[in-house]
Amino acid sequence: MIKTVLAHVVKSGNYKRLWLLLFCNLLNACGQYDDSKLAAKTLLYCSEGSPETFNPQLVTSGTTIDAVSQQIYNRLVKIDPTNGRVVSDIARKVIVSSDAMRYRFYLRKGVEFHTTNYFTPTRTLTSEDVLFTFSRILHQDHPYHDVGGGQYPFFEGIGLSDLIEQIIVVDDLTIEFRLVDPQASFLANMATDFAVILSAEYGEQLQAAENKDQIDTKPIGTGPFKFVQYDRDHHIRYHAHEKYWQTASELQQIIFDITPNNSSRLAKLLTGECDVMGYPTASDVGYLHSKKGIDIVETTSMNVSYWAFNTNVPPFDNANVRKALSYIVDREAIIDAVYFDLAEPANSLVPPTSWAYDNTNYVRPFSLEKAKELLAQEGYEDGFEMDIWAMPVQRVYNPNAGKMAEILQQNLAKINITANIITYDWGTFRKRLAKGEHDSVLIGWLADNSDPDNFYRPLLSCASASSGSNRSGWCNDEFDRNIISALSITDHDTRKAYYQAAEAVLFEHSPLVPIAHAVRHKVHRDYIKQVNINPYGGIDFSKAVKKVK
Amino acid sequence: MFNYVYRKVWLLFFITFAVFTFVFSLNYMFPGDVLSNMTGIGEIPAEEYTELARIYKLDQNVIVQYFYFLIRMFDGNWGQSFTNGTSIFDQVFNALPATIELATFALIYSFIVAIPLGILASSETKPWLDKSILAMSIFGFSMPIFWLALLMILVFSINLGWFPISGRLSLVYDIPTVTGFMIIDILLSDVSYKREALGDAVNHLAIPTFVLAAYPTTVLIRTTRQSMKNVMNTSYVKAARAKGLSHIQVLRRHGLRNGLLPVIQMMGLHFGTLITLAMVTEVIFSWPGVGLWLVDAIHQRDYPAIQGGILAMSGMVFVATILFDVIYMIFDPLARRHGYGKI
């Protein structure tokens, strides 16, 4: 049988084609990048984990935000990644009252929701959808409030329910938020990846069908992609939203290939099974630089790692001791050994990408002599013993706190201070930290939005000293006055002046020492263009194109 | 012949019985609560415990428990997974086709490659060919499969970028599952990108098939060579030669038919090894078969899943071994005379 087929092929001179066919099939070499093919219109993203839910309101984890937020949903306003300012999204215009207490959003006309096999919208976006979205978070008696656990960590963190006095639907396309207190960072918070707009119509439909949970598992939004399929721990499939209010994506589908193993993710990128890879390790990035066909994009994301002293415990209640210790932080060595050069040394609490950043240096350079001098002045020339708590997990802002602690430990030994490195599992660590059981801690902060307030208030205000997120337990009236004043004004330049004043106070008292701002990487194949890495949040594929040869 | 098959089936029956007994005893040998191990429910609420214990006959003696265990197994109620609460039976039978597909392709590949090579190597007129083929086969035989797999990945996937390294089909293609066999499913499917998907599936098969086939191929080359040597030295082959038949004619009419018999038998014997190697291959290439599934279950200490995996894997090996025996018997009339089964 096989013989006769072969004989036929050979006789008809078709054998060349037969080999070609076999070869093509085996090697993927011929005509694979023909534009008509599905593979050329599919973007594959290797992500590092499964999303917890498909509703970003409910979470703070970066994995979920990456997978969901920018793909399925839109926000009222968004952050322009180039300068960090708030720009329009589905609200075409926002009018803010001069006292920063009333925000009126004018929505775009004809913003279409997704049509899927589980939902067909009958109307476009109206203010009712916005009201539905925020009522779910604000009103405990809202039918959807308790769906998916009833926890809205981001909004609880910024105190949204105490902040909003009322939401007024002016007309179909106009909605106004009235605040209790003036808050200039309100718009920045509305622009975060958490403040997505859901469909009220879908909500009603599910409520009628008594299937409310589905709103978070089979999402409907207005974003560039619509949900098709989710296979837990395996993949997520999105198709392009063909009626997207902006230019619809050139891609037909995007797929999140969930690959938790770092080296598998790297291998998949190299074999082209992934077009874009999330969260490469620092050493991978070094290796990938030598590879052809791979583009590496780096952005300093909105983060900082710092060394905080517990100002309630002697000798750290003495500002001069804190200052002395801030001289022993060798940023160069730390960036080299801990970040593999993938970070910038910090010279203020906010990173250079923030608009509140100015070029003034608010940190002390590495100098053992000055440290010794200051300590001697305070009577500590024989040193003392202290603890450095190193966080046990790897985070963007600090890939290896243990190693960082070791570098500090060595430098401390040179000024006669014996340092013990202490670590617990992450849960216990945070609990004990909040109780203030530490001497000093190596930890960091990743901002949720572009507003500099997101650095100063949660980390160093008096309010956060009592709630526990202020790891120094430091409370300074002058500092607080500056950051509160900065909140009540909308003008950026005036606010910046306040933040500079606050930074100067911070420098003088040194309750914490900013160490570095880590650089975030996205690596992708060179035929993928315009993948947007937002320094404040999730990855955005809405404009991505796959241009294959 | 009937007698032979009958004996084989009896053998199958007893082995299955032994495996079931072993799997049942695992319920008691695994750490943790017996009822939890049987049902797959990690934390059984106190109020449901007695009721569940009654259903699973834990209030009766072990013999009764075992009897009901057998009934449940044959009903397809294999309990649920500790980790995700889904039916083990469904999981096993969803994963099984992928393993069978991979093993089948590997076997076909090794037959196609090994038999011609084995025959070539058996030729006494060309000792250099014999030596080089043998050397190659020893090389393949002694190379650890996981190492071979990693080498192949490094050269052909990572450096050359020719082949993908994980899964059965790129996630790009959404092929509805009908039979569970990827190639068949693609051919059955009604999608516009059928050809594209087929090419992709073949691409995904290439390296895992080659890697998995490495061991059986080398075994087959050596068996074929030896057995062909024996056959070609027998007097009936010499007689055929003397009659004036050409080399090809001798090979076709007398050599192959007799020479390949031990090869079939050998294949049956090595099927168990093949399945073990398939597990290794599946783990390396993230091939979503029973092997990968079972290894995951072991990592997660998912005891009900481990039991299900043992049943499925051992079942597969028995059935295949006995199948090869029966095929051997069909081809070899002498085997029928022995009349007893062996495994």
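Residues numbered from 1 in each chain as written. Chains lettered and ligands numbered in written order. Predicted model: local features only at pLDDT ≥ 70, side-chain atom pairs only at ≥ 80, totals over all residues. Heavy atoms only, no water.

Focus on the overall build of chain B
Alright, step 1. Along the backbone of chain B there are 15 helices and zero strands.
Alright, step 2. Counting contacts in chain B only where the partners sit at least 6 residues apart, residues at least 24 apart contribute 68% of the total.
Alright, step 3. If you sum the accessible surface of chain B, you get close to 17,300 Å²; carbon and sulfur atoms cover 67% of it.
Alright, step 4. For chain B, the distance from the average position of its 23 positive side-chain charges to the average position of its 21 negative side-chain charges is 25 Å. (Helix = DSSP H or I, 4+ residues; strand = E, 2+ residues; numbered from the N terminus. Contact = heavy atoms within 4.5 Å. Areas by Shrake-Rupley, 256 points an atom, 1.4 Å probe, with all protein chains shown as cover. Lys, Arg positive; Asp, Glu negative; His and termini not counted. Charge placed at Lys NZ, Arg CZ, Asp CG, Glu CD.)

Side note on the state of the cysteines
Residue and element names in this part refer to chain A.
Alright, step 1. Within the structure shown, the criterion is met by two disulfides over all chains.
Alright, step 2. A sulfur-sulfur separation of 1.6 Å characterises the disulfide bridge that pairs C46 with C274. Linking C46 in strand β1 (residues 42–47) with C274 in the loop between α10 (262–271) and β11 (276–277), this pair joins segments that are 228 residues apart in sequence. For the pair C46 and C274, a shared accessibility class is recorded, and that class is buried.
Alright, step 3. There is a disulfide in this structure between C462 and C475, and the S-S distance comes to 1.9 Å. The sign of the S-S torsion, about 95 degrees, decides the handedness of the disulfide formed by C462 and C475: right-handed. Highlighted residues: C462 in helix α18 (residues 462–467) and C475 in the loop between α18 and α19 (477–487), separated in sequence by 13 residues.
Alright, step 4. Its relative accessible area of 18% is what places C462 among the buried residues.
Alright, step 5. Classification of C475 by relative accessible area gives partly exposed; the value is 46%. (Disulfide = S-S within 2.5 Å. Buried < 20%, exposed > 50% of the residue type's maximum accessible area, 1.4 Å probe, protein only.)

Focus: the nonpolar core
Alright, step 1. In this structure, F105, F134, F177, W307 and F541 of chain A are the most contacted members of the largest nonpolar core, which totals 143 residues.
Alright, step 2. If you tally residues by element for this core, the top one is helix α15 (residues 401–414) of chain A, at six residues.
Alright, step 3. When sequence neighbours within four positions are dropped, the list of residues in contact with F541 of chain A reads L43, Y45, Q71, F225, I254, F256, V276 and V531 of chain A.
Alright, step 4. In this structure, F20, F30, L205 and L311 of chain B belong to the second largest nonpolar core, which totals 102 residues. (Core = buried A, V, L, I, M, F, W, Y, C linked by side-chain atoms within 4.5 Å.)

Topic: the sheet that holds strand β6 (residues 164–171) of chain A
Residue and element names in this part refer to chain A.
Alright, step 1. Spatially, the four strands line up as an open sheet ordered β4-β5-β7-β6, and their pairing is antiparallel. The open sheet has two edge strands with one neighbour each: β4 (91–96) and β6. On average, each strand axis in the sheet is inclined to that of its neighbour by 20 degrees, with strand direction left out of account.
Alright, step 2. Running over the sheet, helix α4 (residues 127–138) touches β5 (102–107), β6 and β7 (174–179) and is turned about 165 degrees from β6. (Pairing = 2+ DSSP bridges. Axes fitted to C-alpha atoms, helices over the stretch in contact; angles between N-to-C directions.)

Concerning the interface of chain A and chain B
Alright, step 1. Chain A puts 24 residues into the contact, and the matching count from chain B is 21 residues.
Alright, step 2. Taken over both partners, the interface formed by chain A and chain B buries close to 1,800 Å², and the fraction arising from carbon and sulfur atoms is 60%.
Alright, step 3. If you look at where chain A meets chain B, you find one salt bridge.
Alright, step 4. Counting across the interface, chain A meets chain B through seven residue pairs in polar contact (both at pLDDT 80 or more). (Buried area = accessible area lost by both parts, 1.4 Å probe. Salt bridge = Lys/Arg side-chain N within 4 Å of Asp/Glu carboxyl O. Polar contact = N/O pair within 3.5 Å; in protein donor to acceptor, adjacent residues only side chain to side chain.)

With respect to the confidence of the model for chain A
Alright, step 1. Across chain A, the average pLDDT comes to 84, with 93% of residues at 70 or higher.
Alright, step 2. Taken together, the stretch residues 1–33 of chain A has pLDDT below 50 and engages in 26 contacts with residues farther than four places along the chain or on a different chain. (pLDDT = per-residue confidence, 0-100.)

Focus: helix α6 (residues 127–142) of chain B
In an α-helix there are 3.6 residues to a turn, and that puts residues three or four apart on one side.
All names here are of chain B.
Alright, step 1. In this model α6 runs 22 Å from its N-terminal to its C-terminal C-alpha over 16 residues, within 8% of the 22 Å that 1.5 Å per residue would give.
Alright, step 2. Within the span of α6, buried status applies to L129, D130, I133 and S137. Considered in projection along α6, the buried side chains sweep an arc of 95 degrees and stay on one side of the axis. Opposite the buried face of α6, at more than 90 degrees from it, the exposed residues are W128, K131, F139 and S142.
Alright, step 3. Next to the buried residues of α6 lie α5 (88–122) and α9 (194–232). (Expected span 1.5 Å × (residues − 1). Arc of directions from axis to C-beta.)

What about the pairing of strand β10 (residues 253–258) of chain A?
All names here are of chain A.
Alright, step 1. Across the six residues that make up β10, a large majority, six, are buried.
Alright, step 2. The two faces of β10 match: Q253, I255 and D257 on one face and I254, F256 and I258 on the other face are all buried.
Alright, step 3. Pairing of strand β9 (residues 235–240) with β10 involves five bridges; the strand directions are antiparallel. Of the residues in β10, the one forming a bridge with Y238 is I254.

With respect to the confidence of the model for chain B
As a note on interpretation, predicted positions should not be read in detail where pLDDT is low.
Alright, step 1. Mean pLDDT for chain B: 84, with 97% of residues reaching 70 or above.
Alright, step 2. With pTM at 0.76, the complex prediction returns an ipTM value of 0.77.

Structural notes on the packing of aromatic side chains
Alright, step 1. Taken as a whole and assessed by the stated rule, the structure comprises 46 aromatic pairs over all chains.
Alright, step 2. Both rings, one in F134 of chain A and one in F177 of chain A, keep their centres 5.3 Å apart while their planes meet at 90 degrees; by these two values the pair is edge-to-face. Taken as a pair, F134 of chain A in helix α4 and F177 of chain A in strand β7 lie far apart in primary sequence, 43 residues in all.
Alright, step 3. With a relative accessible area of 0%, F177 of chain A lands in the buried category.
Alright, step 4. Taken together, a centroid distance of 6.2 Å and an interplanar angle of 80 degrees make the contact between F82 of chain B and Y303 of chain B edge-to-face. Separated by 221 residues along the polypeptide, F82 of chain B in the loop between α4 (62–74) and α5 and Y303 of chain B in helix α14 (residues 303–331) bring together distant segments of the chain. (Phe/Tyr/Trp six-rings, centres within 6.5 Å; stacked < 30°, edge-to-face > 60°.)

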